[in-house]
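# A look at the structure
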Amino acid sequence: MDEQQDQAVGTGSPILHLRCPRDVDPALYRLLLGLVANVTPVVQALPPSAAVADVSGSVRFFDRDPAELARMIRARALALYGLPVSIGVGPNWTVAAMASREPGRGCVRAVGSSAEAVAAFLHPRPVGELHGIGSAQERTLTAYGVHTIGLLANLPEATVQRVLGGKAGRLLRERARGVDRRRVVPAELPHSAAAQRRFPTDTLAPELVRSALLSLAVELGERLRGRRQAAKAVTMTMTFADRTQIHRSRQLPRGASAHTDDLRDAAYDMYRALGLQRARVRAVSLRCEQLVDAATVAEQLSFDADREHRLRAEQAIDALNRRFGSGTVGPAASYPRVG
């Protein structure tokens, strides 16, 4: 398999999927996006540590096939930034993303576009390695004896749809057969970030709603800090038992921020201003908007000692979560009580 990755794959495999180390410095990640954009303008950021690019328009310009372009990008990333990047090359997003997981020698894995090459790459693999499959879907398939991607590819579509559901079953069977209709959409880091919490049952309890809002602020704050972005505004959406919704937006009073404190305070203020009495809440969501580069945001001096302590704690929490996984450490109030 390592020998295959050094062979030319032709223009039929124009999709590059790039993976940085999971703990990559956001500044280096941004530099990598710029480096890839110098090779092809069709680059889609997949923060915090991946990207996908379509080099079909660059092959003739550089007079190199996609695998050679991938090796060129990797060499430049190492030489300029000391950044090790694993790159998968394939005829579509699914194949390239799977190839980048185990690039082998040279950290570039190229898969040809012929049906035979795609099947040889996909079919022997465990079904759980299929790009986009969830753990519950994997368990369902293996319970039916479908242990490899090849077995899934050869099942009748109607059977897969009965087992996994209509749209999900059709999508995963197509990917198992090497079909992925997604296009690479040129996009930099997102201009907004959102998260939602849905309650197991409609609730009247304000403390549960506030706990959910805190959990959302923690999640979004960590996401923005990981991307080195900051939000100027926050929008809260409250969904009630009758499916009606209320939307409230607020500019952050301290200016653009990614600090959990600021996102939480804005969310609490909007919730308090609603003055809900006996309204049953089904779900709540927060969206951070008007995102800007955090490097352009000036930190305001604060004489609030408690806030300064929390901001220092926030840095320590971020470091632990980068090392051991997102959500490992967080405010105790954002977790459900036991008992």
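For every chain, the first residue of its written sequence is number 1, and the numbers climb from 1 along that sequence. Under the rules for a predicted model, residues below a pLDDT of 70 receive no local features and side-chain atom pairs below 80 are neither given nor counted, while totals for whole chains, interfaces and linings still include all residues. In computing side-chain properties, one takes all heavy atoms of the structure into account and sets aside hydrogens as well as water.

## Comments concerning the overall build of the chain
What counts as a helix is a DSSP run of H or I of at least four residues, what counts as a strand is a run of E of at least two, and both are numbered from the N terminus. Looking only at helices and strands, the chain features twelve helices and eleven strands. Note on exposure labels: buried denotes an accessible area under 20% of the residue type's maximum, exposed denotes more than 50%, and partly exposed covers the range between, all computed with a 1.4 Å probe on protein chains only. The buried share of the chain, taken over its 339 residues, is 44%. Taking the contacts inside the chain whose residues are at least 6 apart along the sequence as the reference set, 68% of them involve residues at least 24 apart. With residues, only the protein chains shown are counted as cover, and all accessible areas are computed by Shrake-Rupley using a 1.4 Å probe. Summing over all exposed atoms, the chain offers an accessible surface of approximately 17,900 Å²; the carbon and sulfur share of this is 52%. Note on contacts: a residue pair is in contact if any heavy atoms of the two residues lie within 4.5 Å.

## Focus: the pattern of salt bridges
Two side chains of opposite charge can pair, provided their charged atoms sit close to one another. Here a salt bridge means any side-chain nitrogen of Lys or Arg lying within 4 Å of a carboxyl oxygen belonging to Asp or Glu. Inspection of every chain in the model, using the stated rule, returns 14 salt bridges. In the salt-bridge network here, residues are joined through shared partners; they are Glu-102, Arg-109, Arg-125 and Glu-129.

## Describing the nonpolar core
It is characteristic of soluble globular proteins that their nonpolar side chains tend to be buried jointly. Buried Ala, Val, Leu, Ile, Met, Phe, Trp, Tyr and Cys residues that are joined via side-chain atoms within 4.5 Å together make up what is termed a nonpolar core. Counting 31 residues, the largest nonpolar core has Leu-213, Met-236, Met-238, Val-284 and Leu-286 as the members making the most contacts within it. Elements with a minimum of two residues in this core: strand E6 (193–203), helix H10 (206–227), strand E8 (233–240), helix H11 (260–274) and strand E10 (281–289). Considering every element that reaches this core, the biggest residue donor is H10, with nine residues. Those residues in contact with Leu-286 that lie beyond four places of it in its chain are Ala-193, Ala-194, Ala-195, Leu-213, Leu-216, Ala-217, Leu-220, Val-234, Thr-235, Met-236 and Ala-267. Counting 29 residues, the second largest nonpolar core, distinct from the first, contains Val-36, Val-59, Met-72 and Val-89.

## A short note on the confidence of the model for the chain
On average, residues of the chain score 86 in pLDDT, and 84% of them reach the 70 mark or higher. Throughout residues 1–6 the model reports pLDDT below 50, and contacts reaching past four residues in sequence, or to other chains, amount to 17 contacts. For every residue, the predictor states its confidence as a pLDDT score lying anywhere from 0 to 100. When the criterion is pLDDT under 50, residues 333–339 qualifies, and its contacts beyond four places in sequence or with other chains add up to nine contacts.

## What about the pairing of strand E3 (residues 50–54)?
With five of five residues buried, E3 is to be regarded as a mostly interior element. With burial as the criterion, each face of E3 is covered, one bearing Ala-50, Val-52 and Asp-54 and the other bearing Ala-51 and Ala-53. For strand E2 (residues 43–46) and E3, the ladder comprises four bridges, and the chain directions are antiparallel. From the neighbouring strand, Ala-45 faces E3, where its bridge partner is Ala-51. Two strands qualify as a pair provided DSSP detects at least 2 bridges between them. Hairpin connection between E2 and E3: a loop of three residues separates the two successive antiparallel strands.

## Some remarks on the sheet that holds strand E4 (residues 86–90)
An order of E2-E3-E1-E4-E5 is seen for the five strands of this open sheet, with the pairing classed as mixed. Each having just a single partner strand, E2 and strand E5 (108–110) make up the two edges of the open sheet. Neighbour-to-neighbour, the strand axes of this sheet turn through a mean angle of 15°, independent of strand direction. Relative to E5, E4 is paired through three bridges, and the arrangement is parallel. Note on E5: the bridge partner recorded for Ile-87 is Val-108. To obtain an axis, a line is fitted to C-alpha atoms, over the contacting stretch when the element is a helix, and the angle between two such axes runs from 0 to 180 degrees between their N-to-C directions.

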